[in-house]
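Summary of structural features
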Amino acid sequence: QVQLVESGGGLVQTGGSLRLSCAASGSIFKINAMGWYRQAPGKQRELVAVITSGGRINYADFVKGRFTISRDNAKNTVFLQMNGLKPEETGVYYCKLDLTARDYRSVEYWGRGTLVTVSS
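Anyway, here's the lowdown on the structure attached to this text. (Residues numbered from 1 in each chain as written. Predicted model: local features only at pLDDT ≥ 70, side-chain atom pairs only at ≥ 80, totals over all residues. Heavy atoms only, no water.)

Quick word on the sheet that holds strand β1 (residues 2–7)
Across the sheet, which stays open at both edges, the 4 strands sit in the order β1-β3-β8-β7 with antiparallel pairing between neighbours. What marks the edges here is a single partner per strand, and that holds for β1 and β7 (67–72). Within this sheet the neighbouring strands show an average axis-to-axis angle of 15°, counted without direction. Of the strand pairs in this sheet, β1 and strand β3 (residues 18–26) are connected by 6 bridges, and their pairing is antiparallel. Note on β3: the bridge partner recorded for Glu6 is Cys22. (Pairing = 2+ DSSP bridges. Helix = DSSP H or I, 4+ residues; strand = E, 2+ residues; numbered from the N terminus. Axes fitted to C-alpha atoms, helices over the stretch in contact; angles between N-to-C directions.)

Here it is as structure tokens:
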């Protein structure tokens, strides 16, 4: 079984920065992609950024130029550096892992989330 542990959330003022981390552990055969999603109160969960095993990166339009996703393949860890944070970006940030299991099935895992609060 695979587990994801997120960290780095907290309280920050408008314009501040946070760095989120997500470490995967367990029965991992091959990681296809790792990414970050967020869910604000009363809204649907939305994609923030994703990075594939080959290093291809996709950002949501609303974070381009402010957020940076990166990875440490040796530690099965993905990071999200968030700069210039805005109050409307308050919410729970979730780590998502897409992997290929040993039986070659594609499997998806979600972390429990880490809360980010941006004060005005």
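Description of the side chain of Glu6
When you line up the elements, Glu6 lands in strand β1. Notably, Glu6 is buried but unbridged: the nearest opposite-charge side chain belongs to Arg112, and the N-O separation is 7.5 Å. Side-chain polar atoms of Glu6 contact the backbone nitrogen of Cys95, separated by 2.8 Å. Only 2.9 Å separates the side chain of Glu6 from the backbone nitrogen of Gly113, close enough to count as a polar contact. In contact with Glu6, not counting residues within four places along its chain, are Ser21, Cys22, Trp36, Tyr93, Tyr94, Cys95, Gly111, Arg112, Gly113 and Thr114. (Buried < 20%, exposed > 50% of the residue type's maximum accessible area, 1.4 Å probe, protein only. Lys, Arg positive; Asp, Glu negative; His and termini not counted. Salt bridge = Lys/Arg side-chain N within 4 Å of Asp/Glu carboxyl O. Polar contact = N/O pair within 3.5 Å; in protein donor to acceptor, adjacent residues only side chain to side chain. Contact = heavy atoms within 4.5 Å.)

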